[in-house]
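As a plain string of letters, each chain reads:
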Amino acid sequence: EQRRRAAARLEAILGLEALPHLCEALSTEEDPEVLAAVCASLGRLGEASALDSIRPLLDSEEPGVRSAALEACLRLSDSEAERMALIEGGLGDPSGSVRRRTFLAAAALSGMELAPYAIRFRRDEDPQLRRLAYVALATHTDPSLASMALDALLDPDPGVLERGPRRAGAHLGGAHVVARDPALADPGPRHDALVGRVDQLFPVPVGEHPLRDVAAAAADRRGDA
């Protein structure tokens, strides 16, 4: 614990002068929490010369160390190719926590388009990452992508419902959910139940939102407008 705190104190007190001490610590330290703290400090210092010391930890056996090393490398690298390789590597990590932290780190990068990753991770085995994916879709400016967040209604983890579909539903309304689900084209008990459930969660009437035309067009295609 003292060594972990020392990493942050060196960063705060010495600034860039702490760089050689922190890099040396990476080569001698074995405790995962301390290694993660040192990586975080080096990332915040912003000196790209630390990359060579951090990169070996991308292959650490500890998920927390891998995550911290990846986040630091993303901060320090000025190579687009390396950043994309880091993101792909992190998103393919066997640990759900590493995938989550990579997703969040990618979201913090300027100009990063998260939609392809969000679409991909709607089906991830980690529910927290699925929530992040649905939130990213729900806040997208493209209505066709934002509406994908409503698929969280079918997620087996009830916690996933708390973020993505609520945010998308505030814009789309229950009628849009039904309009985009071919299985519910015909009126009936299941149709009515879904409309009631979604309108309860997302009370914004589709007729009062600019996206009402999207729902109307889908209804016309079904022939039941």
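Scope of this entry: the structure provided in the associated data block. (Residues numbered from 1 in each chain as written. Predicted model: local features only at pLDDT ≥ 70, side-chain atom pairs only at ≥ 80, totals over all residues. Heavy atoms only, no water.)

### Considering the pattern of salt bridges
Summed over all chains, the structure comprises 13 salt bridges. Across the pair Arg3 and Glu29 runs a salt bridge whose closest N-O atoms are separated by 2.8 Å. With Arg3 in helix α1 (residues 2–14) and Glu29 in the loop between α2 (19–28) and α3 (32–45), the pair connects residues that are 26 residues apart, well separated along the chain. Asp52 serves as the salt-bridge partner of Arg55, at 2.8 Å between the closest nitrogen and oxygen. Residue Asp52 is classed as exposed on the basis of its relative accessible area of 61%. Sharing partners across several salt bridges, the network here consists of Glu1, Arg4 and Arg5. (Salt bridge = Lys/Arg side-chain N within 4 Å of Asp/Glu carboxyl O. Helix = DSSP H or I, 4+ residues; strand = E, 2+ residues; numbered from the N terminus. Buried < 20%, exposed > 50% of the residue type's maximum accessible area, 1.4 Å probe, protein only.)

### Re α1
With 13 residues, α1 should cover 18 Å at 1.5 Å per step; its first-to-last C-alpha distance of 17 Å lies within 8% of that length. Looking one or two places after α1, you find Gly15, whose phi comes out positive at around 60 degrees. (Expected span 1.5 Å × (residues − 1).)

### Structural notes on the side chain of Asp124
Take Asp124: it is sitting in the loop between α8 (115–120) and α9 (127–138). According to the relative accessible area criterion, Asp124 is buried, its value standing at 10%. A polar contact of 2.8 Å, which involves the side chain of Asp124, links it to the backbone nitrogen of Asp126. With residues near it in sequence (within four places) discarded, Asp124 still touches Arg99, Leu129 and Arg130. (Polar contact = N/O pair within 3.5 Å; in protein donor to acceptor, adjacent residues only side chain to side chain. Contact = heavy atoms within 4.5 Å.)

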